Amino acid sequence: LVKIEGDGKPHVFVLEMIAGNGRVRATLGETTLSLRRSDGAFVLLGPGEREVPLTDAGWESYRRERTERFLHLNQEHRLALRDKEADYWKMRHERAREVVAAKPKLAHDGIDAFLEASWAKVNAEAARSKGGIDFATQIKPILADNCYRCHDQKDKGGLRLSSREAAMKGGDSELPAIVPGKPEESYLLELIHPDADVDIMPPKGDPLPEADRKLIAQWIKEGAPYTEAGKTIVPTELTGDLEFLRRVTLDTVGVVPSAEEITAFLDDDPKTRRQNVIDRLIADERWADHWTAYWQDVLAENPNILKPSLNNSGPFRFWIHEALLDDLPMDRFVTELVMMEGSVYGGGPGGFSMASQNDVPMAAKAHILGTAFLGVEMKCARCHDAPYHDSKQRDLFELAAMLKRQTIKLPESSSVPMTTFEGRKPLIEITLKPGEVVKSEWPEPFAELFVDELDEALLRDPADTREQLAAYITAPRNDRFPQVIANRVWKRLMGAGFVDTPGDWEASKPSHPELLDWLGRELVASGYDIKHLARLILNSTAYQRKPRPEEPGVTPDFSAPVQRRMTAEQVVDSLFSSVGKPLESEELTMDNDGTQVEKNMISLGFPRRAWEFTSLSNERDRPSLAIPKAQAVVDVLENFGWRSSRQEPKSERETDPNVRQPAIVANGSLGRWVTNLGEQNEITDLATRPDIALDELVDEVFLRVLTRKPTDEERVVYAELLSEGFGDRIIPEDRRPPKIKRDPLKHVSWSNHLSAEANRIKIEMEKRAREGDPPTVALKTDWRERMEDMLWAVMNSPEFLYVP
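Residues numbered from 1 in each chain as written. Predicted model: local features only at pLDDT ≥ 70, side-chain atom pairs only at ≥ 80, totals over all residues. Heavy atoms only, no water.

## What about the overall build of the protein?
Moving on, step 1. Helices and strands together make up the secondary structure of the protein, namely 30 helices and nine strands.
Moving on, step 2. Computed over its C-alpha atoms, the radius of gyration of the protein comes to 30 Å, within 12% of the 28 Å expected for a compact globule of 804 residues.
Moving on, step 3. With the principal axes as the frame, the protein shows a C-alpha extent of 105 × 70 × 55 Å.
Moving on, step 4. The proportion of buried residues among the 804 residues of the protein is 50%.
Moving on, step 5. Contacts in the protein between residues at least 24 apart in sequence constitute 69% of all its contacts with a sequence separation of at least 6.
Moving on, step 6. When the 107 positive and 135 negative side-chain charges of the protein are each reduced to one mean point, those points stand 2 Å apart. (Helix = DSSP H or I, 4+ residues; strand = E, 2+ residues; numbered from the N terminus. Rg over C-alpha atoms; globule rule 2.2 N^0.38 Å. Buried < 20%, exposed > 50% of the residue type's maximum accessible area, 1.4 Å probe, protein only. Contact = heavy atoms within 4.5 Å. Lys, Arg positive; Asp, Glu negative; His and termini not counted. Charge placed at Lys NZ, Arg CZ, Asp CG, Glu CD.)

Here you go:
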C-alpha cells in the first residue's frame, strides 16, 4: 500500500489492533502503526509530512479530521456504485413524468396561486354568511358529535361531511347530502329526521333534537358555508430578512445561522438574497444531518448499544443519512429500504429488517411502511382488525409476507385470544385466526385505494415480492405516495399539514386537495426529488410570512406559518453551533475493546450531531456503565421530546412546554459547557480580540445566538454589565497562568466494568463532565464570569427556542 524509505538505523515500531471473539472492529483506530521518535514519544506512522502525536489530544484531532475524510471517501464510492443503476432509474422517472403529463391540467400553477384562490373563495362565502349561522360554533359541533365518526374519519356509505364539496357530492345513494340554498333537496335533512326509520342518522342513540335539525336546515338555506360567519382570511406580512434567515437555516440544516452566514446574507443583493440563501442551504451537506432525525422517528430506527430489547433495529440511521447526503430520489429511497440489503449492524438498510424479540418482525416493518409512505395506520391490525380504521389484520400480514418473500402462518402470540372477552361482546373483530396461512400479495383493499395493477417494466426481478411491494408503493399512478411525502415536507416547514396526521390519512382528509395534488405532481415530475419540493415551499410567499400561533380545532388556511418550537435536535445542535463549539461526547459503546459480538453490543461511534445519539441503556445498571458526556446531551434531548427508544413509528412528537425544558438548559451540564468561556469556544475568541469594541462584542453575541442585534435597552444593560474592566480584561501572554491540564483517565469497557476501579474512574468522568472544559487563561476571572453571565442570559431567553 505504502512504500517507506528509511534511514538505515534501527527504530521501534508498534502495531496495535483491537480484536476479540474472532473478529475485528470496523472502526477508525481499530488498527494503528506508530513510530517512537528519538525523544521517546510515539507518533502515528502515515503518508505525508503531518506528524500526529500518539496522545489523547493528538488522536482526538486526527480522529475528527479522518472521520470527515472517510465520510467523503465513502460517498465517492457510493455514488460510483449507484451510478451503475442510473439507466434503470432514468427509465422509471421518464415513465413517471409521462404519467403526470397525461393528467388533466389543474386550475392553478404555484403554491401562492392555489392559496390565494382558496382565500378568495372563503372570503366570498364569509361575506355571504355575514350575520347568519356560524358554522364553527353552531354547526360543526353537531356534526362532530353525531356524524364525523363515520363520515369524516371514515366514509361510511361513500359519504364524507368534512368539506362542503364532499357533502354536495353525496355518497353511494348518489343524492347530494347538501344542496346549498335548498334544504328541501338536501338528503342529509331526510336522514336525520326521526321518520327516516332504519336509515336514520346517527344510527345509534337518540335522534337529533328538533332545534339542531332546524339549525342545520337554516344553515343550508343560507348556503351551507363551511367557514366562521363573517370571518375573512387576512394573510400576515412578510418576515424581516434576519427572521427569515434564522427560520430557513433551522428548517434546512437544523442549526441557527453562523456569524459568517449572517454577514454573507446581508452583503448579498436584497432582491435575490432569499432565493440565493435557499439554494445554498439546500445544497449544504448539513441538510442530511437535519432531516435524518425526522426519518429516524418515522421509520422507527431503534438500535441499542447494549443487548437488544423489544423491536430494536440495526443502526440503519447511517443509511438514512447517506441517502439524504447523496440526494437519493424518494422512490429509490423507499426501494432500497424495502429491499433491506446490506449490513444489519454496520449501518446498511439491512438494519431495517431487524425487529428483535418480535414474533413476526416483518409485520412490524409493514406497519412502518404503511404509515410512512401510504398514510395508512395499521397499528391495531397487528393483533386484530382495526376498530377505527379500514385495515384488516390480513392486509397487514399480506404486506409482511411480501417483505418476508414467503407465506406467513399467524402465530397465536399475534392474535387477541377470544377468552379475553368471555361474558361480553368484543369491540373488535378478529377475522384472521391463529394458524391461518397468509399469502404474499398486495392487499385487495389497497388495490382499490392506491394502484390496482403493477407495471412489470418497473421491476428488475418480477418474482421478488419485496421489489413488487416497493414498486406498488412508488408506482407513478399511485397518487397517495407523492402526496404523503409532500404533506410531510409541507407540515415540517409550515407547522401544519394538509392532512394534520401525516401517518394516518383515515383520521382526516386534505384541507387543500388541489394544492396537495399539484405538489405531488411536482415531486413525481422532478424525479421524486424531495429538495425540489422543499425549494418550491421555501421560495413561496406563504412560507416567508410572519408566523401565528396554532389555533386548536381550526382547519389551517396557511395565511401564515404556524409558530413552532425548535425540535430537540435543533436545540442541542444550535446551542453548540451558536458559540462555535464542537459537540463532544464519548464513543457511544460499552465495548471499547471489541470483546463482544455484535448481536449483544454495537458501537455507534462519536456523535457529531444530535441525531447520532441513542438510548444509553445504562440507567438500570451500575455507575461503571455511565457515559457522562453523552448522558448530558441525552438529558436535554429527552426533555424536548426526543425519544431514546423508538419501538414504533411516530410522525409527530410531543411539543408542549414543561418546566423541565428551561431548567435543563439553564442548569444542566450542557448549558454550562456552551456558556463557559473555555479554549474551544468562538465567543472566547471574540472576547480576546484586542481590537473589538464593547458594543461590537454585544452585537456579535446577539447575532450568533438570536440572529438579531440587541435592542437599545438590551445594549445598555449588557454594556453596563461588561464595561467595568473591559479595557484590561485580556491577560498579557507572558503573565498568563499555565493552562489547566487534567490527567487522562483509563478506559472502562464491558470487559472490566465490574471492578471497583471502573466505578471510581466513571465517577471522576461524571465530575469532569459536570464542570465542563477549564476556563481560558487569557481573560481575567471577574470579567470572564460576567461575560459568561451575559451569554447564559441571552441563550436562556425563550426567544432562542422558537423558530421565528
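So much for the structure itself; the text now carries on.
## Brief notes about the packing of helix H20 (residues 513–525) against helix H21 (residues 530–539)
Axes are the key here: two packed helices are described by the angle between their axes and the distance separating the axes.
Moving on, step 1. Direction vectors running N to C along H20 and H21 enclose 135°, while the axes themselves pass 8 Å from each other. Comparing the axis directions of H20 and H21 gives the class oblique. Judged by the twist between their axes, the crossing of H20 over H21 is right-handed. For the pair H20 and H21, contact is made by Trp518, Leu519, Glu522 and Leu523 and by Ile530, His532, Leu533 and Leu536, respectively.
Moving on, step 2. A per-class count over the contact of H20 with H21 returns six nonpolar, one polar and one charged. (Axes fitted to C-alpha atoms, helices over the stretch in contact; angles between N-to-C directions. Parallel < 35°, antiparallel > 145°, perpendicular 65-115°, else oblique. Left-handed = near helix turned anticlockwise from the far one by under 90°. Nonpolar A, V, L, I, M, F, W, Y, C, P; charged D, E, K, R; others polar.)

## Remarks on the packing of aromatic side chains
Moving on, step 1. Applying the stated criterion across every chain yields a total of 26 aromatic pairs.
Moving on, step 2. Ring-pair connections join several aromatic residues into one group, and the members of that group are Trp287, Trp291, Tyr294, Trp295, Trp319, Phe333, Phe373, Phe481 and Tyr528.
Moving on, step 3. Positioned over the ring face of Phe726 is Arg729, at 4.0 Å from the centre of the ring. (Phe/Tyr/Trp six-rings, centres within 6.5 Å; stacked < 30°, edge-to-face > 60°. Lys NZ or Arg CZ within 6 Å of the ring centre and 35° of its normal.)

## Remarks on the sheet that holds strand E4 (residues 31–36)
Moving on, step 1. Read from one edge of the open sheet, three strands run E1-E4-E5, paired in antiparallel fashion. Edge strands, defined here as strands with exactly one partner in the open sheet, are strand E1 (13–17) and strand E5 (42–44). With direction set aside, neighbouring strand axes in the sheet form an average angle of 30°.
Moving on, step 2. Relative to E5, E4 is paired through three bridges, and the arrangement is antiparallel. Looking at the pairing, Leu35 lines up with Val43 of E5. (Pairing = 2+ DSSP bridges.)

## Quick notes on the side chain of Ser578
Moving on, step 1. If you trace the backbone, Ser578 turns up in helix H22 (residues 568–578).
Moving on, step 2. In terms of polar contacts, Ser578 uses its side chain to reach the backbone carbonyl oxygen of Leu575, at 3.2 Å.
Moving on, step 3. Beyond its immediate sequence surroundings of up to four residues, Ser578 is in contact with Val256, Ile683, Arg704, Val705 and Met795. (Polar contact = N/O pair within 3.5 Å; in protein donor to acceptor, adjacent residues only side chain to side chain.)

## Things to note about the pairing of E4
Looking along a regular strand, one sees side chains alternate from face to face of the sheet.
Moving on, step 1. Judged from the five bridges that link them, E1 and E4 form a sheet pairing that is antiparallel. In the sheet register, Met17 faces E4, and the bridge partner there is Thr31.
Moving on, step 2. Remark: five residues form the turn of the hairpin made by E4 and E5, two consecutive strands paired antiparallel; Gly40 in that turn has positive phi of roughly 95°.

## A closer look at the packing of helix H10 (residues 259–267) against helix H11 (residues 273–282)
Moving on, step 1. Running from N to C, H10 and H11 point in directions that differ by 140°, and their axes come no closer than 9 Å. Considering how the two elements wind past one another, H10 and H11 form a crossing that is right-handed. Residues Glu261, Phe265 and Leu266 of H10 form the contact with H11, whose own contacting residues are Arg273, Arg274, Val277, Arg280 and Leu281.
Moving on, step 2. By residue class, the composition of the contact of H10 with H11 is four nonpolar, no polar and four charged.

## A few points about the pattern of salt bridges
Moving on, step 1. Under the criterion given, the structure shown has 59 salt bridges.
Moving on, step 2. Two residues, Asp289 and Arg608, come together in a salt bridge whose shortest N-O distance is 3.2 Å. Placement of the pair is Asp289 in helix H12 (residues 286–298) and Arg608 in the loop between H22 and helix H23 (628–639), with a sequence separation of 319 residues.
Moving on, step 3. For Arg608, a relative accessible area of 27% gives the class partly exposed.
Moving on, step 4. In this structure, Arg768 engages Glu764 in a salt bridge whose closest nitrogen and oxygen atoms are separated by 3.0 Å. Of this pair, Arg768 and Glu764 both sit in helix H29 (residues 756–771), separated by four residues, roughly a single helical turn.
Moving on, step 5. A single network of salt bridges, built from pairs that share partners, joins Arg78, Arg82, Glu85, Glu322, Asp326, Arg332, Glu336, Arg460 and Glu467. (Salt bridge = Lys/Arg side-chain N within 4 Å of Asp/Glu carboxyl O.)

## Some words on helix H1 (residues 56–82)
Moving on, step 1. Between its terminal C-alpha atoms H1 stretches 38 Å, which fits the 39 Å expected from 27 residues at 1.5 Å a residue.
Moving on, step 2. Along H1, the residues that are buried comprise Gly58, Arg63, Gln75, Arg78 and Arg82.
Moving on, step 3. Contacts made by the buried residues of H1 are with helix H2 (86–101), helix H13 (317–325) and helix H14 (330–339). (Expected span 1.5 Å × (residues − 1).)

## A few points about the nonpolar core
Moving on, step 1. With 105 residues, the main nonpolar core has Trp295, Leu299, Phe373, Trp442 and Trp490 as its most contacted residues.
Moving on, step 2. Not counting residues within four places of it along the chain, the set of residues in contact with Phe373 comprises Trp295, Leu299, Met330, Phe333, Val334, Leu337, Ile473, Arg480, Phe481, Val484 and Ile485.
Moving on, step 3. In this structure, Leu250, Leu583, Phe613 and Leu694 belong to the second largest nonpolar core, which totals 63 residues. (Core = buried A, V, L, I, M, F, W, Y, C linked by side-chain atoms within 4.5 Å.)

## Overview of helix H9 (residues 241–253)
Moving on, step 1. The terminal C-alpha atoms of H9, which comprises 13 residues, lie 18 Å apart, in line with the 18 Å expected from a rise of 1.5 Å per residue.
Moving on, step 2. Burial runs high along H9: 10 of the 13 residues are buried.
Moving on, step 3. Buried residues of H9: Phe244, Leu245, Arg246, Arg247, Val248, Thr249, Leu250, Asp251, Thr252 and Val253, and no others.

## Looking at the side chain of Arg784
Moving on, step 1. By secondary structure assignment, the location of Arg784 is in helix H30 (residues 781–795).
Moving on, step 2. Excluding anything up to four places from it in sequence, Arg784 contacts Leu677, Pro775, Thr776 and Leu779.

## Here's the deal with unusual backbone geometry
Moving on, step 1. Looking along the chain, the bond that leaves Met201 and enters Pro202 is cis, with omega of -5°.
Moving on, step 2. For Pro202, the location among the structural elements is in the loop between helix H7 (187–191) and helix H8 (210–221).
Moving on, step 3. Although it is not a glycine, Lys307 sits at a positive phi angle of roughly 50°.
Moving on, step 4. Mapping Lys307 onto the fold places it in the loop between H12 and H13.
Moving on, step 5. With relative accessibility at 43%, the residue Lys307 sits in the partly exposed group.

## Regarding the environment of Met340
Moving on, step 1. Relative to the helices and strands, Met340 resides in the loop between H14 and helix H15 (361–374).
Moving on, step 2. It is 6.3 Å that separates the C-alpha atoms of Met340 and Phe352, two residues lying 12 residues apart in sequence.
Moving on, step 3. Beyond its immediate sequence surroundings of up to four residues, Met340 is in contact with Pro349, Gly350, Phe352, Ser353, Met362, Leu403 and Arg466.

## Points about a nonpolar patch on the surface
Moving on, step 1. Side chains of Phe13, Leu15 and Leu33 sit close together on the surface and give an oily, nonpolar patch of about 310 Å² of accessible area.
Moving on, step 2. Mapped onto the fold, Leu33 is located in strand E4. (Patch = residues over 30% accessible without salt bridge, like charges linked within 9 Å, V, L, I, M, F, W, Y side chains within 5 Å. Areas by Shrake-Rupley, 256 points an atom, 1.4 Å probe, with all protein chains shown as cover.)

## Digging into the environment of Gln661
Moving on, step 1. Along the chain, the position of Gln661 falls in helix H24 (residues 660–667).
Moving on, step 2. In this structure the C-alpha to C-alpha distance between Gln661 and Pro203, which are 458 residues apart in sequence, comes to 47 Å.
Moving on, step 3. Not counting residues up to four positions away in its chain, the partners in contact with Gln661 are Arg565, Asn639, Phe640 and Asp656.

## As for the environment of Thr371
Moving on, step 1. Relative to the assigned elements, Thr371 resides in helix H15.
Moving on, step 2. With 252 residues separating them in the primary sequence, Thr371 and Trp119 have C-alpha atoms 31 Å apart.
Moving on, step 3. Not counting residues within four places of it along the chain, the set of residues in contact with Thr371 comprises Val376, Glu377, Arg488, Pro502, Gly503 and Pro649.

## Points about the state of the cysteines
Moving on, step 1. One pass over the full model with this rule turns up zero disulfides.
Moving on, step 2. With no disulfide partner, Cys383 has as its closest neighbouring cysteine sulfur the one in Cys380, 9.1 Å distant.
Moving on, step 3. With a relative accessible area of 27%, Cys383 lands in the partly exposed category. (Disulfide = S-S within 2.5 Å.)

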